[in-house]
Amino acid sequence: MSILTQTVTRCPVCGANTFSYTEFLYDAPYFGNIVVSTGFCRTCGYRFFDVDYAESGNPTRVVFKAEDGDDVSKSLLIRSKTGSVRSPDLGFSLEPGPQAEPFVTTVEGLLYRALDYAERLKVLEPESAQRVDEFMERVRRAIDAGGFTLIVEDPLGKSVVVPRRPELVRIEPLGST
Ligand SMILES: [Zn+2]
């Protein structure tokens, strides 16, 4: 990963000169060069995120297998607005929706999000606390030791896992099984 641009500039929403803007370049297997742009305005809180590819646009499914804890903490997930992320073996899925925020995080960061969500679910639905506890236990073990699969699907091919090791990822055209 290398940084192409890093600057503080005028916010497109509120006009204050407090908009931090960064562009990263990833050279990801299969996807080629990916430019990730992120921005955040300290004044109004506006966030910007975009992903661009040299060549892309095809519906893709990325199958990522984490074999150990390093694979979890050192692989990166880029999810665009149209991407869905699920893990059948851990038992969660994240669907795109009108409110979907694109994000870039480590796979570990994604699992911590799942834990946060589970905490909230426990408060909202105390009757399912035991099931949620089992889920959280499974996710914590996965963060430490890997041993699970993540499936990322995106009709625009803009969501990707940048794996710690190339052999952890398999990419298929979406629509095949
Ligand atoms: Zn602003």
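Residues numbered from 1 in each chain as written. Predicted model: local features only at pLDDT ≥ 70, side-chain atom pairs only at ≥ 80, totals over all residues.

To be explicit about the condition: UniProt positions are given in the numbering used here, feature names are shortened, and annotations may be inferred rather than shown by experiment.
For the protein, the name recorded in an unreviewed UniProt entry is ZPR1-like zinc finger protein, with Thermoproteus uzoniensis as its organism. Under Sequence similarities (unreviewed entry), UniProt gives the following word-for-word description of the protein: "Belongs to the ZPR1 family."

## Some points on the sheet that holds strand β5 (residues 60-66)
To keep it simple, the criterion reads: Whether two strands pair depends on DSSP finding at least two bridges between them. Numbering of helices and strands runs from the N terminus; a helix is a DSSP stretch of H or I covering at least four residues, while a strand is a stretch of E covering at least two. Orientation is described by lines fitted to C-alpha atoms, with helices fitted over the stretch in contact, and by angles between N-to-C directions that extend from 0 to 180 degrees.
Read from one edge of the open sheet, 5 strands run β8-β7-β10-β5-β12, paired in antiparallel fashion. In this open sheet, the two strands that pair with only one neighbour each are β8 (92-94) and β12 (169-173). In this sheet, neighbouring strand axes are inclined to one another by 15° on average, regardless of whether the strands run parallel or antiparallel.

## Observations regarding the sheet that holds strand β6 (residues 76-79)
Ordered in space as β9-β6-β11, the 3 strands form an open sheet in which the pairing is antiparallel. Looking at strand neighbours, the two that pair on one side only are β9 (103-106) and β11 (160-162), the edges of this open sheet. This sheet shows a mean twist of 20° between the axes of neighbouring strands, independent of strand direction. The pairing of β6 with β11 spans 3 bridges and is antiparallel. Among the inter-strand pairings, Leu77 is bridged to a residue of β11, identified as Val161.

## Considerations on helix α2 (residues 107-124)
Note the cut-off: Every helix has an expected span of 1.5 Å times one less than the residues it contains. With C-beta atoms placed from the backbone, a residue is labelled by how many other C-beta atoms lie within 10 Å of its own: buried for 20 or more, exposed for 12 or fewer, partly exposed between the two. The directions from the helix axis to the C-beta atoms form the arc being described.
Here α2 is 18 residues long and its end C-alpha atoms lie 26 Å apart, about the 26 Å a rise of 1.5 Å per residue gives. All of the buried residues in α2 are Val107, Glu108, Leu110, Leu111 and Ala114. For α2, the arc enclosing every buried residue in end-on projection is 155°, short of the 170-degree limit, so these residues lie on one face. What points out from α2, more than 90 degrees from its buried face, is the exposed set Asp116, Glu119, Arg120, Val123 and Leu124.

## Looking at the nonpolar core
How we decide: Only buried residues count toward a nonpolar core: Ala, Val, Leu, Ile, Met, Phe, Trp, Tyr and Cys, linked into one set through C-beta atoms within 7 Å. Domain delimitation in this document rests on an assignment produced automatically or drawn from a domain database. Think of it this way: build a C-beta for each residue from its backbone, and any pair within 7 Å is a contact.
Counting residues in hydrophobic clusters, the biggest one holds 25 residues, and the most contacted among them are Phe64, Ile78, Val107, Leu150 and Val161. For this core, the element with the most residues is α2, which contributes 4 residues. Of the residues that make up this core, three or more belong to each of domain 1 (1-55) and domain 2 (57-177). Ignoring any residue separated from it by four or fewer positions in sequence, one finds Phe64 in contact with Ser75, Thr149, Leu150, Val152, Val161, Pro163, Leu168 and Val169.

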